[in-house]
Amino acid sequence: MGQRTLGKGMTVGNDTQVTEPRREETRRAEGGAKPRSRKRFPWYAYLALLPLFATLAVFAYYPAASGIWHSFYEWRPGFDSPFVGLDNYATMVADDLWWDSFRNLGVIFIFGVTVAWAIPLLAAELIISLKSKRAQFFFRTALIAPMAFPGVVTVLLWGAMFEPNNGVINRVLRSVGLDALAQNWVGDPQFALLSLLFIGFPFVAGLPFLVFLTTLQNISAEIFEAAALDGCGRFRRFFAIDLPLMTSQLKLLVFLATINVLQYGFAAYLLTGGGPDNATQVPVLRMLGVAFQGSDWGYAATLSTTLFVMTILLSIVIVFVKREDRTDVRRL
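This report concerns the structure included in the present document. No experiment lies behind these values; they were computed from the predicted model shown. As a convention, each chain's residues are numbered from 1 in the sequence order in which they are written. Per-residue local features of the predicted model are confined to residues with pLDDT of at least 70, and side-chain atom pairs are confined, for both listing and counting, to 80 or more; whole-chain, interface and lining totals are unaffected and use all residues. Side-chain measures were taken over the full set of non-hydrogen atoms in the model, leaving aside hydrogen atoms and water.

### Concerning the pattern of salt bridges
Put simply, the test is: Here, a salt bridge means any Lys or Arg side-chain nitrogen found within 4 Å of an Asp or Glu carboxyl oxygen. Each helix is a run of H or I in the DSSP string that is no shorter than four residues. Each strand is a run of E no shorter than two, and both are numbered from the N terminus. Burial classes follow relative accessibility: with a 1.4 Å probe on protein chains only, a residue under 20% of its type's maximum area counts as buried, one over 50% as exposed, and anything between as partly exposed.
One pass over the structure, following the stated rule, counts four salt bridges. Of the charged contacts, one joins D95 and R286 as a salt bridge, the two residues approaching to 2.9 Å between their closest N and O atoms. Placement of D95 in the loop between α3 (87-93) and α4 (96-113) and of R286 in helix α15 (residues 283-293) is noted, with a sequence separation of 191 residues between them. Here D100 and R103 are joined by a salt bridge, their closest N and O atoms 3.1 Å apart. Taken together, the residues span about one helical turn, with D100 and R103 both in helix α4 at a distance of three residues. When its relative accessible area of 37% is taken as the criterion, D100 is described as partly exposed.

Printed below as a string of structure tokens:
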């Protein structure tokens, strides 16, 4: 095989490769300039992040660590707090009210990922069916505008609507001759939880609607056109195309819904306080009641720590399932 000279007597066969060190020597031998090394970001520039981490440490990490630490004590802020070990956790295991509150969370979660998602999904499907972009923009803006309203205002407004005597709902029922359907909506254990679930109806002004709409708008129009040419109707297209392509987004929404449900308690705290007869009791309200009404801060820290661990474990499970994501269009 022939050889070619590289300089200073170095030769390489035609069927061999020049290694990187030899290439560098060749460049130097031929008078080439040394390639510039990548400029590194100065380490001291990261000091600018210290205020951010300090803020997180004080207002996020420290309270969480403090709650876990004090869950092993009979915590009395400002006074001696004797170590009790796992006694608070033993009390929690025997706390029937605490565990019964998770039953309400199960109802809230099922309602939230079925009924509370069905109407936003239907609204998103109807909006992308509009041919006019201006019409899509108008209806999208009109449907998400209520998101700007404060949550307290929304809950209190629905509370006024649920009022048994002069509330809007009962007055409408009586005006159309349906007096028998008028109820004490948040004062009756039979209807209290269901009434809280319907706060915000029809549930369009929220994150699920935005996620559904954005996902559908990002699906190529060619897919919809091909489905129409194959004679695929809207109902069949939803299950064969739309829903499979929203798998990743649905898993994200389930992840967020799980976290939100475990932290649920805002509306119940404002309207029912967990009553009547604990019909709307949830873990967060139980924890707040133990802390601020019972002044048992150590036990309250135990409940909050347990809720925190549950949130972390469920989040890990959902994220692990999300990694096995496979989205594909089904056969028509």
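### Considerations on helix α13 (residues 247-262)
Threshold: Helix span, expected: 1.5 Å multiplied by one less than the number of residues in the helix. Taking the helix axis as origin, the arc is that swept by the directions to the C-beta atoms.
The end-to-end C-alpha distance of α13 is 23 Å, a good match for the 22 Å that 16 residues give at a rise of 1.5 Å each. For α13, the set of buried residues is L253, A257, T258, V261 and L262. Here the buried residues of α13 occupy an arc of 155 degrees about the axis, which is enough to place them on one side.

### Quick word on unusual backbone geometry
In the segment running from F201 into P202, the intervening peptide bond is cis, with an omega of 15 degrees. Tracing the sequence through the fold places P202 in the loop between α9 (192-197) and α10 (207-217). With an omega of -5 degrees, the peptide bond running from G275 to P276 counts as cis. Within the secondary structure layout, P276 lies in the loop between α14 (266-271) and α15. The phi angle at S295 is positive, at roughly 55 degrees, despite the residue not being glycine. Counting through the fold element by element, S295 comes out in the loop between α15 and α16 (297-323).

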